[in-house]
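So you can see what is in the structure, the chains are spelled out below.
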Amino acid sequence: MANIPVGLQLYTLRNETAEDFLGTLAKVADMGYKTVEFAGYRDIPAKEMKKALDDLGLQAVSSHVGLQLLESELEKQIAYSQEIGAQYIICPWLDEKLLKNEGDFNKLMSDFRKYGQAINEAGLTFLYHNHAFEFEKVDGEYILDRMYQSVDPQHLQAELDLYWVKKGGLDPKEYLLSYKGRVPIVHVKDMADDAEQSFAEVGHGVIDYPSVLEAAVEAGVQYFMVEQDVCKRPPLESVKMSIDYLKSIGIA
């Protein structure tokens with residue numbers, strides 16, 4: 001399989017980073033993660049963050065930036081990403097009510113075109129991260145497909161969360177391939193074999209990750225990003241289990 005770096009979305013360790021951000025980064029690097037995706041910086045200046053990453057041999061790939069921050073301080077967010085060497089700015093979530101209302105949807109997509117253009121002009125790329133509700137249909141089409149049809153690929157690409165694709169009732173492999181060339185990052189998390197379809201460590205659930213990740217390579221994915229929204233064991237233990245599994249199948 002192609003040599004695609006395995007990273008960690010730091011939201012998984014939000015409690016740990018709140019107590020000791022840089023110490024937590026060191027633990028992530030020690031486990032063998034090569035890249036990280038941010039979900040806030042805890043007021044650490046960009047220069048200090050960049051030095052910590054360099055010292056640990058970690059690469060900043062991307063950052064989740066909520067809609068409110070995209071609206072209020074896009075230039076500041078772009079500057080921080082540039083300083084730490086991240087390539088992607090990602091909107092992590094949108095209110096599903098807005099996506100189901102035609103007027104709100106059109107306004108949001110107009111704003112997305114504006115954000116995507118500004119991010120693109122700065123040499124970065126704008127992505128959207130899905131959950132399951134975007135696989136509900138409006139006018140016979142999945143909301144997520146309507147979004148990607150509404151904005152030029154140059155200004156909006158996909159960070160497909162493979163757990164949420166499955167939770168939405170689709171085949172992660174097939175859906176990935178339908179956006180070949182437009183998915184630079186995938187979120188890798190597993191689904192437990194329980195009634196709730198709860199979150200599981202990668203390789204410890206029902207998603208056939210060896211074949212899904214092969215499809216990701218075919219789709220042109222550049223980065224695998226482990227994320228687990230909720231962990232039933234200590235989160236540091238969960239993220240180690242995930243990368244240990246990926247190592248065991250020759251990915252990490």
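Refer to the structure presented above.
Owing to the predicted nature of the structure, the values given are computational and were not obtained by experimental measurement.

The rules behind the values
- Residues numbered from 1 in each chain as written.
- Predicted model: local features only at pLDDT ≥ 70, side-chain atom pairs only at ≥ 80, totals over all residues.
- Heavy atoms only, no water.
- Buried < 20%, exposed > 50% of the residue type's maximum accessible area, 1.4 Å probe, protein only.
- Helix = DSSP H or I, 4+ residues; strand = E, 2+ residues; numbered from the N terminus.
- Pairing = 2+ DSSP bridges.
- 1 Å grid on protein atoms, 1.4 Å probe; cavity = no way out; pocket = protein on both sides within 12 Å on 5 of 7 lines; lining within 4 Å.
- Points joined across faces, edges and corners; volume = space filled by probe spheres on them.
- Nonpolar A, V, L, I, M, F, W, Y, C, P; charged D, E, K, R; others polar.
- Salt bridge = Lys/Arg side-chain N within 4 Å of Asp/Glu carboxyl O.
- Core = buried A, V, L, I, M, F, W, Y, C linked by side-chain atoms within 4.5 Å.
- Contact = heavy atoms within 4.5 Å.
- Phe/Tyr/Trp six-rings, centres within 6.5 Å; stacked < 30°, edge-to-face > 60°.
- Lys NZ or Arg CZ within 6 Å of the ring centre and 35° of its normal.
- Axes fitted to C-alpha atoms, helices over the stretch in contact; angles between N-to-C directions.
- Right-handed = clockwise from strand over helix to strand, strands pointing away.

Along strand S5 (residues 125-129), five of the five residues are buried, which leaves the element largely enclosed by surrounding structure. Here S5 shows two buried faces, one formed by Thr125, Leu127 and His129 and the other by Phe126 and Tyr128. Pairing of strand S4 (residues 88-91) with S5 involves four bridges; the strand directions are parallel. What sits directly across from isoleucine 89, in S5, is phenylalanine 126. Summarising the sheet, S5 and strand S8 (residues 157-161) pair through three bridges and their orientation is parallel.

This part is about unusual backbone geometry. Not every positive phi belongs to a glycine, and arginine 42 is a case in point at roughly 50 degrees. Relative to the helices and strands, arginine 42 is located in the loop between strand S2 (35-38) and helix H3 (46-56).

Within this model, the largest pocket holds a volume of roughly 430 Å³. As for the largest pocket, its lining consists of 20 residues, of which Ala39, Gly40, His64, Val65 and Leu69 are closest to the centre. The biggest single contributor to the lining of the largest pocket is helix H4 (residues 67-84), with five residues. In terms of residue class, the lining of the largest pocket is made up of eight nonpolar, six polar and six charged.

In total, this model carries 16 salt bridges according to the counting rule given. The salt bridge partner of lysine 100 is glutamate 96, with a shortest N-O separation of 2.9 Å. Residue lysine 100 and its partner glutamate 96 are located together in helix H5 (residues 96-100), separated by four residues, close to a single helical turn. Looking at glutamate 96, the relative accessible area reads 29%, which means it is partly exposed.

Ranked by internal contacts, the top residues of the largest apolar core, which has 81 residues, are Phe112 and Tyr128. Aside from chain neighbours lying at most four places away, what touches phenylalanine 112 is Leu67, Cys91, Leu94, Phe126, Tyr128, Met147, Val151, His155 and Leu156. In terms of nonpolar packing, the next biggest core, distinct from the first, is built from seven residues, Val61, Tyr88, Leu127 and Met225 among them.

Summed over all chains, the structure comprises 15 aromatic pairs. Note on tyrosine 163 and phenylalanine 199: the rings are 4.6 Å apart at their centroids and 35 degrees apart in plane angle, and the pair reads as tilted. Here phenylalanine 199 lies in strand S11 (residues 199-200) and tyrosine 163 lies in helix H8 (residues 162-167), a separation of 36 residues in the sequence. Among the residues examined, tyrosine 163 registers a relative accessible area of 2% and is labelled buried. With a centroid separation of 5.7 Å and 80 degrees between ring planes, the pair formed by tryptophan 164 and phenylalanine 199 is classed as edge-to-face. You can see tryptophan 164 sitting in helix H8 and its partner phenylalanine 199 sitting in strand S11, a full 35 residues away along the chain. Each member of the pair, tryptophan 164 as well as phenylalanine 199, carries the same accessibility label: buried. Chaining the aromatic ring pairs together yields one cluster made of Phe135, Tyr142, Tyr148, Tyr175 and Tyr179. We note arginine 146 situated over the ring of phenylalanine 105; from NZ or CZ to the ring centre the distance is 4.6 Å.

Right, let's get into the sheet that holds strand S1 (residues 6-9). One closed barrel accounts for eight strands, arranged S1-S2-S3-S4-S5-S8-S9-S12; its pairing is parallel. The sheet shows a mean angle of 30 degrees between the axes of neighbouring strands, taken without regard to direction. Two elements, strand S3 (residues 59-64) and S4, share three bridges in a ladder whose sense is parallel. Each bridged residue has a counterpart across the sheet, and for serine 62 the counterpart in S4 is tyrosine 88.

This brings us to the pairing of S3. For S3, the tally of buried residues reaches five of six residues, placing the bulk of the element in the interior. The pairing of S2 with S3 spans four bridges and is parallel. Residue pairing in the sheet places phenylalanine 38 in a bridge with serine 63 of S3. Note that the unit made of S2, H3 and S3 has a crossover that is right-handed. What joins S3 to S4 is H4, and the crossover it makes is right-handed.

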